Amino acid sequence: MGDSLKQKMISAVAWSTIEKFGQQVLQFLAGLVFARLLMPEDFGVMGIIMIFVAVSLVLVESGFGQALIRKTDIDSNDYTSVYYFNLATAVAVYLVLFFLAPLIADFFHQDSLVALIRVMSLVIIVNAFYLIPYAQLGRAMDFKTISKVNIIAITGGAVAGITVAFLDFGVWSLVVQQSVYHLLKMMLLHLSVQWQPTGKFSFSIIRNLWDYSLKILFTSLVNVLFNNLFVIILGRSYSKAEAGQFSQGNKLSETFSYTFQSIFAGSTFALFSQLQHDIPRFGRILGEMHRRTALVTIPVVSILIAVASPLITLIWTDKFQPAVIYFQMMSIASVLAPFYTMNLNALNAKGKSGQTMAIELFKKVLIAAGIVLLYRQGIVYMLLAFTIGSLLAYPVSVYFVKKELRLSFRQQIGFLLPGIATAIVTGGAAALIRLLLPLPTVALLAVQGSVAMALYLIIVRLFFRSLFDKFLTFAGNYIPVLKKLAS
């Protein structure tokens, strides 16, 4: 059981990593094209639309996906009941958005939103058709299939969207990109799982799952609203160009920072659910994942913050330079997100969804209070409140994990210290180069990146040799040169 579970986890994390980085690379490349074909205003409009779509998708899923993954005894009636409930919810939510579209357009002073929302919201119904196959793959920890499906769907969506952008359809190209992505994902998941609702619908099953899933739903809903809070504020009170600048800066931050968070979001919950009754082992695995993740994610974020200006100029041209400060602040806010996510997943796996809801409420109240106090000072000050609230939520999650898994505060913070120290050296060196060397954009980015990466490899090789060798061995299976270095 132990070896089997370990292999499943290694495979899950490996394929999740391949998927998330593959997704981000594809989205990054597509973004390069979109940024040259579209205007900041188009991204601002799409950002507004995605707020309502994201909230709707959370309402449709209703937390039942995690409830099904965690449930120990499950049958066709469980899947069928959740399937029909999700589908009915999706249709109801779509109809609400359809009729509310004119009011939303009036609120944001953007008449074009009516048609855009009504078309884009159709993905809500499409999403409901593939939630059960997705949950079944997650329950089986088959992240290989999930990864392949997502990468193919993203590729198809990007190609379709870029094609429409070249035909000069503006923001509609982004709608096409998302629509094709969800359609392909639905078809591929059903081809992979070949599931049909063969059981009976039962309200009693929904009620039994509801106690756990309702807290997950509430937490997810609050997260989505707060993650899009600045798009709402900018879209309502500022220009669409300003909203577009923030949307792009935030998106680039998510490309790097939240990639690491999302790698562990699905894979760790499935693993932790299987470990929920073995506390000592649970704690050891959680600690090791924190330690190794910190050594990668925190230095990467620090380097990206240091190279933000030349990086954004290179990929999006100078017209998106105002997005630099947004990217940097959102990156700082999300630096602890992978560890926070793993802690919440650990608590949810223990059945403590009420605790995770309380932690999220604390975080959101703190952020909301800061934004209200600093609203008149401008977006940068509001982002400062968001950053402080996001960072302070992590030690709160540490406190609850300490109670459940008997990992002390000192132990949990200690897992992060090697990554923090490495980040100070690598990110600091990259920032110093920008201050001392007035180089052209491409040359500056190349020097900053090369020096920071060289320092990172030296530090890992000197102080974390076993981890360095394991990485070379793993990567050597795909890159022969690295295999020789490992030997």
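Reading the values: the criteria
- Every chain begins its residue count from 1, and numbering advances along the sequence as written.
- Local features are withheld for residues below a pLDDT of 70 in this predicted model, meaning they are given only at 70 or higher, and side-chain atom pairs are given and counted only at 80 or more; totals for whole chains, interfaces and linings count all residues.
- Note that water and hydrogens are dropped before the side-chain values are worked out from all heavy atoms of the structure.
- Per the convention used, a helix needs a DSSP run of H or I reaching at least four residues, while a strand needs a run of E reaching at least two, with both numbered from the N terminus.
- Here the term buried applies to any residue with accessible area under 20% of the maximum for its type, exposed to any over 50%, and partly exposed to those in between, with areas from a 1.4 Å probe on protein chains only.
- Contacts are residue-level and defined by heavy atoms, with any inter-residue pair within 4.5 Å sufficient.
- All accessible areas in this document rest on Shrake-Rupley with a 1.4 Å probe, and a residue is counted as covered only by the protein chains that are shown.
- A residue's pLDDT is the confidence the predictor assigns to it, expressed on a 0 to 100 scale.
- Patches in this entry comprise residues that are over 30% relatively accessible and not in a salt bridge; like charges within 9 Å are linked, as are nonpolar side chains (Val, Leu, Ile, Met, Phe, Trp, Tyr) within 5 Å.
- Any carboxyl oxygen of Asp or Glu that lies within 4 Å of a side-chain nitrogen of Lys or Arg is treated as forming a salt bridge with it.
- To obtain an axis, a line is fitted to C-alpha atoms, over the contacting stretch when the element is a helix, and the angle between two such axes runs from 0 to 180 degrees between their N-to-C directions.
- Between 65 and 115 degrees an angle is taken as roughly perpendicular, under 35 as roughly parallel, over 145 as roughly antiparallel, and anywhere else as oblique.
- Here a crossing is taken to be left-handed if its near helix is turned anticlockwise relative to the far helix by less than a right angle, and right-handed if that turn runs clockwise.
- Three classes are used: nonpolar for Ala, Val, Leu, Ile, Met, Phe, Trp, Tyr, Cys and Pro, charged for Asp, Glu, Lys and Arg, and polar for all others, with Gly counted as polar.
- To estimate how far a helix should reach, multiply one less than its number of residues by 1.5 Å.
- The angle between axes fitted to the seven-residue stretch ending at a residue and the seven-residue stretch beginning at it gives the bend at that residue.
- Stacked, tilted and edge-to-face pairs are distinguished by plane angle, under 30 degrees for stacked and over 60 for edge-to-face with tilted covering the rest, among Phe, Tyr and Trp rings (Trp via its six-membered ring) whose centres lie within 6.5 Å.
- Working definition of a nonpolar core: buried Ala, Val, Leu, Ile, Met, Phe, Trp, Tyr and Cys residues. They are joined through side-chain atoms within 4.5 Å.

> In this structure, what is going on with the overall build of the protein? I would like to understand it.
When you go through the protein residue by residue, the secondary structure sums to 21 helices and zero strands. Out of the 487 residues in the protein, the part that is buried amounts to 51%. Contacts spanning at least 24 positions in sequence make up 81% of the contacts within the protein whose residues lie at least 6 apart. Accessible surface, the protein: about 21700 Å² in total, of which carbon and sulfur atoms supply 68%.

> Honestly, the confidence of the model for the protein in this entry has me stumped. Any pointers?
Averaged over all residues, the pLDDT of the protein is 81; the fraction at 70 or higher stands at 84%. Mean pLDDT across the elements of the protein ranges from a minimum in helix α21 (residues 480-486), with 50, to a maximum in helix α5 (residues 113-120), with 93.

> In this structure, what is going on with a nonpolar patch on the surface? I would like to understand it.
A cluster of nonpolar side chains, namely I325, F362, L366, V380, Y381, L384, I388 and L392, defines an oily patch on the protein surface of about 640 Å² accessible area. For the nonpolar patch, the secondary-structure elements that each account for two or more residues are α16 (353-374) and α17 (379-405). For the nonpolar patch, the element with the most residues is α17, which contributes five residues. Relative to the helices and strands, I325 is located in helix α14 (residues 323-333). Given a relative accessible area of 35%, I325 falls into the partly exposed group.

> Help me understand the packing of helix α18 (residues 409-436) against helix α19 (residues 441-463) in this model?
Between two packed helices, the angle of one axis relative to the other and the distance separating the axes together describe the packing. Contact geometry for α18 and α19: axes closest at 9 Å, N-to-C directions at 155°. Judged by the inter-axis angle, α18 sits roughly antiparallel to α19. α18 and α19 meet at a crossing whose hand is right-handed. Listed contacts from α19 to T422, V425, T426, A429, A430, A431, I433 and R434 of α18 are L444, V447, Q448, V451, A452, L455, Y456 and I459. When its residues are assigned to classes, the contact of α18 with α19 shows 12 nonpolar, three polar and one charged.

> I would appreciate a short explanation of unusual backbone geometry in the present structure.
Leave glycine aside and you will find that most residues have negative phi; peptide bonds, for their part, are mostly trans. Its identity is not glycine, yet H109 carries a phi of approximately 55°, on the positive side. Structurally, the position occupied by H109 is in the loop between α4 (76-107) and α5. For H109, a relative accessible area of 54% corresponds to the exposed category. Here Q194, not a glycine, exhibits a phi torsion of approximately 55°, which is positive. Following the sequence through the fold, Q194 ends up in the loop between α8 (172-193) and α9 (203-227).

> What is the right way to look at the pattern of salt bridges in this model?
Here the idea is simple: oppositely charged side chains can pair when their charged atoms come close. Taken as a whole and judged by the stated rule, the model has three salt bridges. Each of E288, R291 and R292 takes part in salt bridges that share partners, so that together they form one network.

> Explain α18 here, please?
In an α-helix, one full turn covers 3.6 residues, which means residues spaced three or four apart are oriented alike. Here α18 contains 28 residues, and its C-alpha end-to-end distance of 39 Å stays within 8% of the 40 Å for a straight helix at 1.5 Å per residue. Along α18, the sharpest kink reaches roughly 35°, centred on L417 and followed within four residues by the proline P418. Buried within α18 are the following residues: Q412, F415, L416, G419, T422, A423, T426, G427, A429, A430 and I433. Here the buried face of α18 lies against α12 (279-306), α15 (337-349), α17 and α19.

> What am I meant to see in the packing of aromatic side chains here?
Aromatic rings considered in pairs are described by the distance between their centres and by the relative angle of their planes. Counted according to the given criterion, the structure contains nine aromatic pairs. Taken together, a centroid distance of 6.4 Å and an interplanar angle of 85° make the contact between F52 and F108 edge-to-face. Here F108 lies in the loop between α4 and α5 and F52 lies in helix α2 (residues 40-61), a separation of 56 residues in the sequence. Between the aromatic rings of F201 and F203, the centroid separation amounts to 4.9 Å while the plane-to-plane angle is 85°, which identifies the pairing as edge-to-face. Judged by relative accessible area, F201 falls into the partly exposed class, the value being 36%. Members of the aromatic cluster, joined through ring pairs, are Y83, Y84, F129 and W195.

> Sorry, what's going on with the nonpolar core here?
Across soluble globular proteins, nonpolar side chains show a tendency to be buried alongside one another. Judged by nonpolar contacts, the single largest core of 64 residues is most densely connected at F34, I49 and L113. The dominant element in this core, judged by the number of residues it contributes, is α4, at 10 residues. Beyond its immediate stretch of four places on either side in the chain, F34 contacts F43, G161, I162, A165, S173, L174 and Q177. Counting 27 residues, the second-largest nonpolar core is a separate cluster that includes Y340, M342, Y394 and A423.

> Before we go on, may I ask you to explain the packing of α12 against α19 in this structure?
Contact pair α12 / α19: the axes reach a minimum separation of 11 Å and the direction vectors enclose 160°. Compared by their axis directions, α12 and α19 come out roughly antiparallel. Here the hand of the crossing between α12 and α19 comes out right-handed. Touching L295, V296, P299, I303 and A306 of α12 are Q448, A452 and Y456, all from α19. Grouping the amino acids of the contact of α12 with α19 by side-chain chemistry returns seven nonpolar, one polar and no charged.

> Is there a simple way to explain the environment of Q328 in this structure?
Tracing the sequence through the fold places Q328 in helix α14. Residues Q328 and V307 lie 21 residues apart in sequence; the distance between their C-alpha atoms is 9.6 Å. Not counting chain neighbours up to four residues away, the residues in contact with Q328 comprise I305 and A308.

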